[in-house]
Amino acid sequence: MTAPASAAEQAAITELVAANHILYARGVVDGFGHVSQRHPDHPDRFLLSRSMAPSLVAAGDILSFGLDGSECGGDGRPAYLERFIHGEIYAARPDVMSVVHSHSPAVVPFSVVRGTGLRPIFHMCGFLGCATPVFEIRGCVGDASDLLIRDRALGAALARCLGDHAAVLMRGHGSTVVGSTLRQAVFRAVYTEVNAKLQAVALGLGEVTYLTDAEAAAAAATNDSQIDRCWALWRHEAKGAA
Ligand code: MN
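Residues numbered from 1 in each chain as written. Predicted model: local features only at pLDDT ≥ 70, side-chain atom pairs only at ≥ 80, totals over all residues. Heavy atoms only, no water.

Caption draft 1: Quick peek at the packing of helix H1 (residues 7-25) against helix H6 (residues 182-205). Closest axis-to-axis distance for the H1/H6 pair is 11 Å, and the angle between their directions is 5°. Considering their axes alone, H1 and H6 lie roughly parallel with respect to each other. Residues Glu15, Leu16, Ala19, Ile22 and Leu23 of H1 pack against Leu182, Arg183, Val186, Ala189 and Val190 of H6. For the contact of H1 with H6, a count of residues per class yields 8 nonpolar, no polar and 2 charged. (Axes fitted to C-alpha atoms, helices over the stretch in contact; angles between N-to-C directions. Helix = DSSP H or I, 4+ residues; strand = E, 2+ residues; numbered from the N terminus. Parallel < 35°, antiparallel > 145°, perpendicular 65-115°, else oblique. Contact = heavy atoms within 4.5 Å. Nonpolar A, V, L, I, M, F, W, Y, C, P; charged D, E, K, R; others polar.)

As structure tokens, then:
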């Protein structure tokens, strides 16, 4: 029997539904990809939609999961295969309150080309820091997997590769981005895709000057105070598309 949702849980669910719609409207997710939020009342749980296209998610589709990936309320509807990404990152990173996993297309080339890491090319992406790690799943399961994070061991390996970074690329698959709030994670997921597009263009033009570590840190701190402005716009846009 599931306990009635608290006011904090209801508010978190409302934000999480909006995040699902925003990430679709901004081209980060399509039929695949998912966004979660650590449960506001239970830090050892997280809120995540049942397995479905993010743009179609409504409040009744949001379920609560333990960090081991088990659903808490006895809901029989299918869960995302890759929910272990979320649980293992929340377990490894107490500072993380939200996780976005996507296959946003501009990022994928940076997961497969050696020697060309995803780095902050402009001030909106200082959160990327000096270098974004790339998770190579072959190191865990060999060279014949479907590349999905299907269990806790793979989720934990991905979390180790993420380390203290804001984003981790997944070779031949996509990326996972984290934040200290849901809105920050969404902001970072949107701008990780933007950075990848711009970096690919710049690399085609010539030698690229990236942000220094100090510029990246300063820019990230400024942007963190501006996130609600983007959120208001993106939420308005997403509602218009619904
Ligand atoms: Mn995936």
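Caption draft 2: Looking closely at the sheet that holds strand E1 (residues 34-38). In space, the 7 strands of this open sheet follow the order E3-E2-E1-E4-E7-E6-E5, with mixed pairing throughout. Strands with a single pairing partner mark the edges of an open sheet, and in this sheet they are strand E3 (62-66) and strand E5 (134-135). Examined bridge by bridge, strand E6 (residues 167-170) and strand E7 (residues 174-179) share 4 bridges and lie antiparallel to one another. Bridge assignment links Leu169 to a residue of E7, and that residue is Ser175. (Pairing = 2+ DSSP bridges.)

Caption draft 3: Structural view of the pairing of E3. Judged by how many residues are buried, E3 sits mostly within the fold: 5 of 5 residues are covered. Side chains Ile62, Ser64 and Gly66 of E3 all project onto a buried face; the interleaved residues Leu63 and Phe65 project onto the opposite face, where all are buried too. Note that strand E2 (residues 45-49) and E3 share 5 bridges and pair antiparallel. Bridged to Leu47 within E3 is Ser64. (Buried < 20%, exposed > 50% of the residue type's maximum accessible area, 1.4 Å probe, protein only.)

Caption draft 4: Looking closely at the coordination of the manganese ion. Bound to the manganese ion are the protein donor atoms Glu82 (OE), His101 (NE2), His103 (NE2) and His173 (NE2), situated 2.1 to 2.2 Å from the metal. On the primary sequence, the residues serving as donors to the manganese ion are separated as E-x18-H-x1-H-x69-H. Here His101, found in strand E4 (residues 98-102), pairs with His173, found in the loop between E6 and E7; they are 72 residues apart in sequence, far enough to count as distant. Take His101 and His173: they sit in the same class, and that class is buried. (Donors = N, O, S within 2.8 Å, 3.2 Å for Na, K, Ca; no water.)

Caption draft 5: Structural detail: empty space enclosed by the protein. Counted according to the given criterion, the structure contains 3 cavities of 30 Å³ or more. Volume-wise, the largest cavity comes out at about 40 Å³. Around the largest cavity sit Met124, Phe127, Phe187, Arg188, Ala220, Asn223 and Asp224, which together line it. For the lining of the largest cavity, the elements supplying multiple residues, two or more each, are H6 and helix H7 (213-224). A total of 3 residues in the lining of the largest cavity trace back to one element, the largest contributor, which is H7. The residue inventory of the lining of the largest cavity, partitioned by class, reads 4 nonpolar, 1 polar and 2 charged. (1 Å grid on protein atoms, 1.4 Å probe; cavity = no way out; pocket = protein on both sides within 12 Å on 5 of 7 lines; lining within 4 Å. Points joined across faces, edges and corners; volume = space filled by probe spheres on them.)

Caption draft 6: Geometry of the pattern of salt bridges. Applying the stated rule across the entire model yields 11 salt bridges. We note a salt bridge from Arg150 to Asp146, for which the minimum N-O separation is 2.7 Å. One network of salt bridges, in which partners are shared, links Glu15, Arg183, Asp228 and Arg235. (Salt bridge = Lys/Arg side-chain N within 4 Å of Asp/Glu carboxyl O.)

Caption draft 7: Spatial organisation of the packing of aromatic side chains. Evaluated as defined, the whole model comprises 6 aromatic pairs. For the ring pair Phe122 and Tyr191, a centre distance of 6.5 Å and an interplane angle of 50° mean the geometry is tilted. Within this pair, whereas Phe122 is found in the loop between helix H3 (108-112) and E5, its partner Tyr191 is found in helix H6, the two being separated by 69 residues in sequence. The exposure class of Phe122 is partly exposed, given its relative accessible area of 23%. (Phe/Tyr/Trp six-rings, centres within 6.5 Å; stacked < 30°, edge-to-face > 60°.)

Interpretation in functional terms is not warranted from these geometric data alone.
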